[in-house]
Amino acid sequence: MILAVNVSLDSHRVIIGMSKEDSVLKYESVADDIVQKISAGNYRPNDKLPTTEELCEQYQVSKITIKKAMDELEQRGLVARRRGSGTFVKGIVPVGKNAPEGWSMSSQMTGFKNEALAEGHTPSTKVVEFAVEHPDAMVAEALGLDADEFVYRICRVRLRDDVPLVIEHTWMPINVIPDLRMKHLEDSIYNYIENDLGLKIASAHRTAEAVGVSEEEAPLLDVPAGSPCLQVEQVGFLDDGQPFEYSISRHVRGYKLFTISTH
(Lines give C-alpha, C1' and ligand atoms only; values in the text may rest on other atoms or scores of the structure.)
Protein backbone atom coordinates (compact mmCIF):
# COMPACT_ATOMS: atom_id res chain seq x y z
CA MET A 1 0.00 0.00 0.00
CA ILE A 2 1.40 3.44 -0.96
CA LEU A 3 0.56 6.26 1.44
CA ALA A 4 0.49 9.90 0.50
CA VAL A 5 1.93 11.38 3.68
CA ASN A 6 1.26 15.03 4.46
CA VAL A 7 3.23 16.27 7.45
CA SER A 8 2.33 19.50 9.15
CA LEU A 9 4.41 20.85 12.00
CA ASP A 10 1.82 23.47 12.82
CA SER A 11 0.58 23.07 16.42
CA HIS A 12 2.94 20.09 16.70
CA ARG A 13 0.56 17.92 14.67
CA VAL A 14 1.45 15.22 12.18
CA ILE A 15 -1.28 14.49 9.63
CA ILE A 16 -1.06 11.28 7.63
CA GLY A 17 -3.54 10.86 4.79
CA MET A 18 -4.26 8.07 2.30
CA SER A 19 -4.23 8.61 -1.44
CA LYS A 20 -7.51 8.54 -3.32
CA GLU A 21 -6.71 5.11 -4.72
CA ASP A 22 -6.50 3.67 -1.18
CA SER A 23 -9.65 5.35 0.10
CA VAL A 24 -11.84 2.48 -1.07
CA LEU A 25 -12.70 0.22 1.83
CA LYS A 26 -11.31 -3.30 1.77
CA TYR A 27 -14.73 -4.97 1.65
CA GLU A 28 -15.70 -2.81 -1.36
CA SER A 29 -12.53 -3.90 -3.17
CA VAL A 30 -13.35 -7.54 -2.48
CA ALA A 31 -16.95 -7.09 -3.60
CA ASP A 32 -15.88 -5.29 -6.78
CA ASP A 33 -13.37 -8.01 -7.61
CA ILE A 34 -16.03 -10.71 -7.21
CA VAL A 35 -18.39 -8.68 -9.41
CA GLN A 36 -15.69 -8.60 -12.09
CA LYS A 37 -15.25 -12.36 -11.81
CA ILE A 38 -19.00 -12.84 -12.19
CA SER A 39 -19.05 -10.56 -15.24
CA ALA A 40 -16.08 -12.42 -16.76
CA GLY A 41 -17.75 -15.80 -16.24
CA ASN A 42 -15.33 -17.05 -13.60
CA TYR A 43 -18.36 -17.45 -11.35
CA ARG A 44 -21.44 -18.50 -13.30
CA PRO A 45 -25.14 -18.39 -12.33
CA ASN A 46 -25.89 -20.83 -9.49
CA ASP A 47 -22.17 -21.38 -8.75
CA LYS A 48 -21.25 -21.56 -5.09
CA LEU A 49 -18.70 -18.96 -4.03
CA PRO A 50 -15.62 -20.05 -2.06
CA THR A 51 -16.07 -20.35 1.70
CA THR A 52 -15.37 -17.43 4.03
CA GLU A 53 -12.08 -19.02 5.05
CA GLU A 54 -11.03 -19.49 1.42
CA LEU A 55 -11.92 -15.88 0.57
CA CYS A 56 -10.02 -14.64 3.63
CA GLU A 57 -6.92 -16.44 2.41
CA GLN A 58 -7.45 -15.36 -1.20
CA TYR A 59 -7.81 -11.65 -0.41
CA GLN A 60 -5.71 -11.59 2.78
CA VAL A 61 -8.48 -9.96 4.80
CA SER A 62 -10.49 -10.74 7.92
CA LYS A 63 -13.77 -12.63 8.22
CA ILE A 64 -15.53 -9.36 9.06
CA THR A 65 -14.34 -7.89 5.75
CA ILE A 66 -15.62 -10.91 3.81
CA LYS A 67 -18.96 -10.75 5.61
CA LYS A 68 -19.35 -7.08 4.69
CA ALA A 69 -18.40 -7.88 1.09
CA MET A 70 -21.06 -10.61 0.96
CA ASP A 71 -23.59 -8.18 2.46
CA GLU A 72 -22.72 -5.70 -0.28
CA LEU A 73 -23.11 -8.32 -3.04
CA GLU A 74 -26.42 -9.45 -1.57
CA GLN A 75 -27.69 -5.87 -1.49
CA ARG A 76 -26.74 -5.52 -5.14
CA GLY A 77 -28.82 -8.62 -5.89
CA LEU A 78 -25.87 -10.61 -7.21
CA VAL A 79 -25.73 -13.42 -4.66
CA ALA A 80 -28.08 -15.36 -2.39
CA ARG A 81 -27.14 -17.02 0.89
CA ARG A 82 -28.38 -20.45 1.88
CA ARG A 83 -28.08 -21.23 5.56
CA GLY A 84 -25.78 -24.17 6.05
CA SER A 85 -24.96 -24.37 2.34
CA GLY A 86 -23.06 -21.21 1.44
CA THR A 87 -23.37 -18.24 -0.90
CA PHE A 88 -24.47 -18.68 -4.51
CA VAL A 89 -24.30 -16.48 -7.59
CA LYS A 90 -27.61 -15.31 -8.94
CA GLY A 91 -28.26 -15.29 -12.68
CA ILE A 92 -29.78 -12.98 -15.21
CA VAL A 93 -33.05 -13.42 -17.08
CA PRO A 94 -32.46 -13.29 -20.84
CA VAL A 95 -35.08 -10.64 -21.52
CA GLY A 96 -35.42 -10.15 -25.26
CA LYS A 97 -36.66 -12.16 -28.21
CA ASN A 98 -36.23 -15.46 -26.36
CA ALA A 99 -38.23 -14.33 -23.33
CA PRO A 100 -42.03 -14.06 -23.23
CA GLU A 101 -43.35 -10.57 -23.89
CA GLY A 102 -43.66 -8.50 -20.75
CA TRP A 103 -41.49 -10.80 -18.61
CA SER A 104 -38.87 -9.25 -16.40
CA MET A 105 -36.40 -10.55 -13.85
CA SER A 106 -39.03 -10.50 -11.11
CA SER A 107 -41.83 -12.08 -13.14
CA GLN A 108 -39.99 -15.38 -13.39
CA MET A 109 -41.08 -16.02 -9.79
CA THR A 110 -44.75 -15.10 -10.13
CA GLY A 111 -45.83 -18.74 -10.15
CA PHE A 112 -47.71 -21.04 -12.52
CA LYS A 113 -51.12 -19.39 -12.21
CA ASN A 114 -49.98 -15.83 -12.84
CA GLU A 115 -47.75 -16.86 -15.73
CA ALA A 116 -50.60 -18.77 -17.40
CA LEU A 117 -53.02 -15.88 -16.96
CA ALA A 118 -50.46 -13.43 -18.34
CA GLU A 119 -50.22 -15.57 -21.48
CA GLY A 120 -54.01 -15.69 -21.93
CA HIS A 121 -54.59 -19.25 -20.66
CA THR A 122 -56.86 -20.69 -17.99
CA PRO A 123 -54.86 -22.32 -15.18
CA SER A 124 -56.15 -24.94 -12.76
CA THR A 125 -54.68 -27.19 -10.09
CA LYS A 126 -55.34 -30.71 -8.86
CA VAL A 127 -54.04 -31.35 -5.36
CA VAL A 128 -52.78 -34.93 -5.06
CA GLU A 129 -51.19 -34.80 -1.57
CA PHE A 130 -51.08 -32.33 1.30
CA ALA A 131 -49.42 -33.39 4.53
CA VAL A 132 -47.25 -32.21 7.41
CA GLU A 133 -44.11 -34.17 8.26
CA HIS A 134 -40.51 -34.00 9.39
CA PRO A 135 -38.13 -33.35 6.47
CA ASP A 136 -35.85 -36.08 5.21
CA ALA A 137 -32.13 -35.35 4.96
CA MET A 138 -32.29 -33.96 1.41
CA VAL A 139 -35.19 -31.59 2.15
CA ALA A 140 -33.69 -30.50 5.47
CA GLU A 141 -30.39 -29.62 3.80
CA ALA A 142 -32.08 -27.71 0.97
CA LEU A 143 -34.21 -25.66 3.37
CA GLY A 144 -31.60 -25.29 6.11
CA LEU A 145 -33.78 -27.09 8.67
CA ASP A 146 -33.16 -29.45 11.55
CA ALA A 147 -34.56 -32.96 11.31
CA ASP A 148 -37.10 -32.36 14.09
CA GLU A 149 -38.70 -29.34 12.42
CA PHE A 150 -41.85 -29.59 10.30
CA VAL A 151 -42.58 -29.02 6.63
CA TYR A 152 -45.60 -29.15 4.39
CA ARG A 153 -45.35 -31.88 1.76
CA ILE A 154 -47.40 -30.98 -1.31
CA CYS A 155 -48.02 -32.74 -4.60
CA ARG A 156 -49.99 -30.90 -7.27
CA VAL A 157 -50.75 -31.33 -10.95
CA ARG A 158 -50.89 -27.99 -12.76
CA LEU A 159 -53.10 -27.69 -15.80
CA ARG A 160 -53.40 -25.06 -18.51
CA ASP A 161 -56.68 -24.99 -20.44
CA ASP A 162 -57.47 -28.36 -18.79
CA VAL A 163 -54.27 -29.95 -20.16
CA PRO A 164 -51.85 -31.27 -17.48
CA LEU A 165 -48.42 -29.73 -17.97
CA VAL A 166 -46.49 -30.50 -14.81
CA ILE A 167 -46.56 -32.40 -11.55
CA GLU A 168 -44.96 -30.57 -8.64
CA HIS A 169 -43.58 -32.11 -5.44
CA THR A 170 -43.03 -29.26 -2.99
CA TRP A 171 -41.79 -28.92 0.59
CA MET A 172 -42.15 -25.70 2.60
CA PRO A 173 -41.10 -24.98 6.21
CA ILE A 174 -44.11 -24.33 8.44
CA ASN A 175 -42.23 -21.78 10.53
CA VAL A 176 -41.63 -19.67 7.40
CA ILE A 177 -44.98 -20.20 5.62
CA PRO A 178 -47.57 -20.53 8.42
CA ASP A 179 -51.24 -21.51 8.14
CA LEU A 180 -51.07 -22.84 4.58
CA ARG A 181 -54.45 -24.28 3.58
CA MET A 182 -56.04 -26.30 0.81
CA LYS A 183 -57.59 -23.20 -0.74
CA HIS A 184 -54.11 -21.72 -1.21
CA LEU A 185 -52.87 -24.90 -2.90
CA GLU A 186 -55.81 -24.89 -5.29
CA ASP A 187 -55.28 -21.22 -6.11
CA SER A 188 -51.73 -19.82 -5.82
CA ILE A 189 -49.30 -20.43 -2.97
CA TYR A 190 -47.08 -17.61 -4.23
CA ASN A 191 -50.00 -15.15 -4.09
CA TYR A 192 -50.69 -16.26 -0.51
CA ILE A 193 -47.05 -15.78 0.46
CA GLU A 194 -46.78 -12.29 -0.97
CA ASN A 195 -50.31 -10.90 -0.64
CA ASP A 196 -51.48 -12.50 2.62
CA LEU A 197 -48.24 -13.05 4.52
CA GLY A 198 -46.57 -9.91 3.18
CA LEU A 199 -43.34 -11.72 2.31
CA LYS A 200 -41.28 -11.02 -0.80
CA ILE A 201 -40.27 -13.89 -3.07
CA ALA A 202 -36.91 -12.94 -4.48
CA SER A 203 -34.96 -15.71 -6.19
CA ALA A 204 -34.52 -19.37 -7.03
CA HIS A 205 -31.69 -21.77 -7.76
CA ARG A 206 -32.72 -24.29 -10.41
CA THR A 207 -31.18 -27.35 -11.99
CA ALA A 208 -32.77 -29.35 -14.77
CA GLU A 209 -32.35 -32.78 -16.28
CA ALA A 210 -34.24 -35.06 -18.65
CA VAL A 211 -35.94 -38.03 -16.99
CA GLY A 212 -38.77 -40.45 -17.70
CA VAL A 213 -42.27 -40.17 -16.25
CA SER A 214 -42.91 -42.76 -13.52
CA GLU A 215 -45.78 -45.24 -13.63
CA GLU A 216 -47.46 -43.48 -10.70
CA GLU A 217 -47.26 -40.06 -12.33
CA ALA A 218 -48.13 -41.07 -15.91
CA PRO A 219 -51.94 -41.17 -15.48
CA LEU A 220 -51.88 -37.84 -13.65
CA LEU A 221 -50.04 -36.25 -16.56
CA ASP A 222 -52.00 -38.15 -19.24
CA VAL A 223 -48.89 -39.59 -20.88
CA PRO A 224 -47.46 -43.11 -21.12
CA ALA A 225 -45.08 -44.25 -18.40
CA GLY A 226 -41.51 -43.60 -19.39
CA SER A 227 -42.39 -40.56 -21.51
CA PRO A 228 -39.61 -37.97 -21.55
CA CYS A 229 -40.01 -34.98 -19.28
CA LEU A 230 -37.91 -32.15 -17.95
CA GLN A 231 -37.28 -32.43 -14.23
CA VAL A 232 -36.55 -29.11 -12.53
CA GLU A 233 -35.19 -29.06 -8.98
CA GLN A 234 -35.59 -25.70 -7.29
CA VAL A 235 -34.85 -23.95 -4.04
CA GLY A 236 -36.77 -20.69 -3.67
CA PHE A 237 -35.65 -17.78 -1.48
CA LEU A 238 -37.29 -14.78 0.13
CA ASP A 239 -35.65 -11.38 -0.16
CA ASP A 240 -33.87 -11.84 3.17
CA GLY A 241 -32.16 -14.98 1.85
CA GLN A 242 -34.44 -17.37 3.76
CA PRO A 243 -35.22 -20.54 1.75
CA PHE A 244 -38.99 -21.03 1.68
CA GLU A 245 -39.46 -23.80 -0.88
CA TYR A 246 -37.81 -26.94 -2.15
CA SER A 247 -39.48 -28.51 -5.15
CA ILE A 248 -39.05 -31.15 -7.80
CA SER A 249 -41.25 -30.56 -10.86
CA ARG A 250 -41.64 -32.79 -13.88
CA HIS A 251 -42.78 -30.99 -17.02
CA VAL A 252 -44.22 -32.91 -19.96
CA ARG A 253 -45.54 -30.06 -22.08
CA GLY A 254 -44.86 -26.42 -22.88
CA TYR A 255 -42.10 -25.57 -20.42
CA LYS A 256 -39.57 -22.85 -21.23
CA LEU A 257 -36.51 -23.13 -19.04
CA PHE A 258 -34.47 -20.08 -18.16
CA THR A 259 -31.40 -21.07 -16.16
CA ILE A 260 -31.66 -18.14 -13.80
CA SER A 261 -31.98 -16.69 -10.37
CA THR A 262 -34.29 -13.72 -10.14
CA HIS A 263 -34.40 -10.71 -7.88
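Residues numbered from 1 in each chain as written. Predicted model: local features only at pLDDT ≥ 70, side-chain atom pairs only at ≥ 80, totals over all residues. Heavy atoms only, no water.

*Asks:* Is there a simple way to think about the packing of helix α2 (residues 52–59) against helix α3 (residues 63–75) in this case?
*Replies:* In a packed pair of helices, the relevant descriptors are the angle between the two axes and the axis-to-axis distance. Running from N to C, α2 and α3 point in directions that differ by 105°, and their axes come no closer than 9 Å. Classed by the angle they form, the pair α2 and α3 counts as roughly perpendicular. Here α2 contributes Thr-52, Glu-53, Leu-55, Cys-56 and Tyr-59 to the contact with α3, which in turn contributes Lys-63, Ile-66 and Met-70. Grouping the constituent residues of the contact of α2 with α3 by class yields five nonpolar, one polar and two charged. (Axes fitted to C-alpha atoms, helices over the stretch in contact; angles between N-to-C directions. Helix = DSSP H or I, 4+ residues; strand = E, 2+ residues; numbered from the N terminus. Parallel < 35°, antiparallel > 145°, perpendicular 65-115°, else oblique. Contact = heavy atoms within 4.5 Å. Nonpolar A, V, L, I, M, F, W, Y, C, P; charged D, E, K, R; others polar.)

*Asks:* Where do I start with helix α7 (residues 189–196) in this structure?
*Replies:* Along an α-helix, a turn takes 3.6 residues, which lines up residues three or four apart on a common side. For α7, the complete set of buried residues consists of Ile-189, Tyr-190, Asn-191, Tyr-192 and Ile-193. Within two residues after α7, Gly-198 carries a phi angle of roughly 75°, on the positive side. (Buried < 20%, exposed > 50% of the residue type's maximum accessible area, 1.4 Å probe, protein only.)

*Asks:* Honestly, unusual backbone geometry in this entry has me stumped. Any pointers?
*Replies:* Trans peptide bonds make up most of the peptide bonds, and negative phi angles are found at most residues other than glycine. The phi dihedral of Asp-161 is positive, around 55°, even though this residue is not glycine. One can find Asp-161 in the loop between β4 (151–160) and β5 (163–173).

*Asks:* Any chance you could explain the nonpolar core here in plain terms?
*Replies:* Of all hydrophobic cores here, the largest spans 17 residues; its most connected members are Val-30, Ile-34, Leu-49, Tyr-59, Ile-66 and Met-70. Elements with a contribution of two residues or more to this core: α1 (26–40), α2 and α3. Here Met-70 is in contact with Ile-34, Leu-49, Leu-55, Val-79, Arg-81 and Thr-87, once residues within four sequence places are set aside. The next biggest cluster of nonpolar side chains, apart from the first, holds 14 residues, and it includes Leu-185, Tyr-192, Ile-201 and Leu-238. (Core = buried A, V, L, I, M, F, W, Y, C linked by side-chain atoms within 4.5 Å.)

*Asks:* Can you help me understand the pairing of β4 in this one?
*Replies:* A regular strand places its side chains on the two faces of the sheet in alternate fashion. Judged by how many residues are buried, β4 sits mostly within the fold: eight of 10 residues are covered. Taken together, the 10 bridges between strand β3 (residues 123–133) and β4 define a ladder with antiparallel strand orientation. Across the sheet, the residue bridging to Glu-133 is Val-151, located in β4. Relative to β5, β4 runs antiparallel, the two sharing 10 bridges. Within β5, the residue paired with Leu-159 across the bridge is Pro-164. (Pairing = 2+ DSSP bridges.)

*Asks:* Could you clarify how one ought to interpret the sheet that holds strand β7 (residues 228–238) in this entry?
*Replies:* Two modes of strand pairing occur in sheets, parallel and antiparallel, and in both the strands are linked by backbone hydrogen bonds. Strand order in the open sheet formed by six strands is β3-β4-β5-β8-β7-β6, with antiparallel pairing between adjacent strands. Of all the strands in the sheet, just β3 and β6 (201–212) have a single pairing partner and so form its edges. The average angle at which neighbouring strand axes cross in this sheet is 15°, direction not considered. Where β7 lies against strand β8 (residues 243–251), eight bridges are found, and the strand directions are antiparallel. Paired with Val-235 across the strands is Tyr-246, a residue of β8.

*Asks:* Quick question: what am I supposed to make of the confidence of the model for the protein here?
*Replies:* Averaged over the protein, the pLDDT score is 80; the fraction of residues at 70 or greater is 80%. This model gives residues 1–23 a pLDDT under 50, and the stretch forms 19 contacts once residues within four places in sequence are excluded. In this model, residues 259–263 is a region of pLDDT below 50 whose contacts with residues beyond four sequence positions or in other chains number 29 contacts. (pLDDT = per-residue confidence, 0-100.)

*Asks:* Explain α3 here, please?
*Replies:* For α3, with 13 residues, the first-to-last C-alpha span of 18 Å sits near the 18 Å given by 1.5 Å per residue. Those residues of α3 that sit buried are Thr-65, Ile-66, Ala-69, Met-70 and Leu-73. When α3 is viewed along its axis, its buried side chains cluster within an angular range of 135° and face the same direction. For α3, the exposed residues lying more than 90 degrees away from the buried face are Ile-64, Lys-67 and Gln-75. In the core, the buried residues of α3 are packed alongside α1, α2, β1 (79–82) and β2 (86–89). The positive-phi residue at the C-terminal boundary of α3 is Gly-77, with phi of around 80°. (Expected span 1.5 Å × (residues − 1). Arc of directions from axis to C-beta.)

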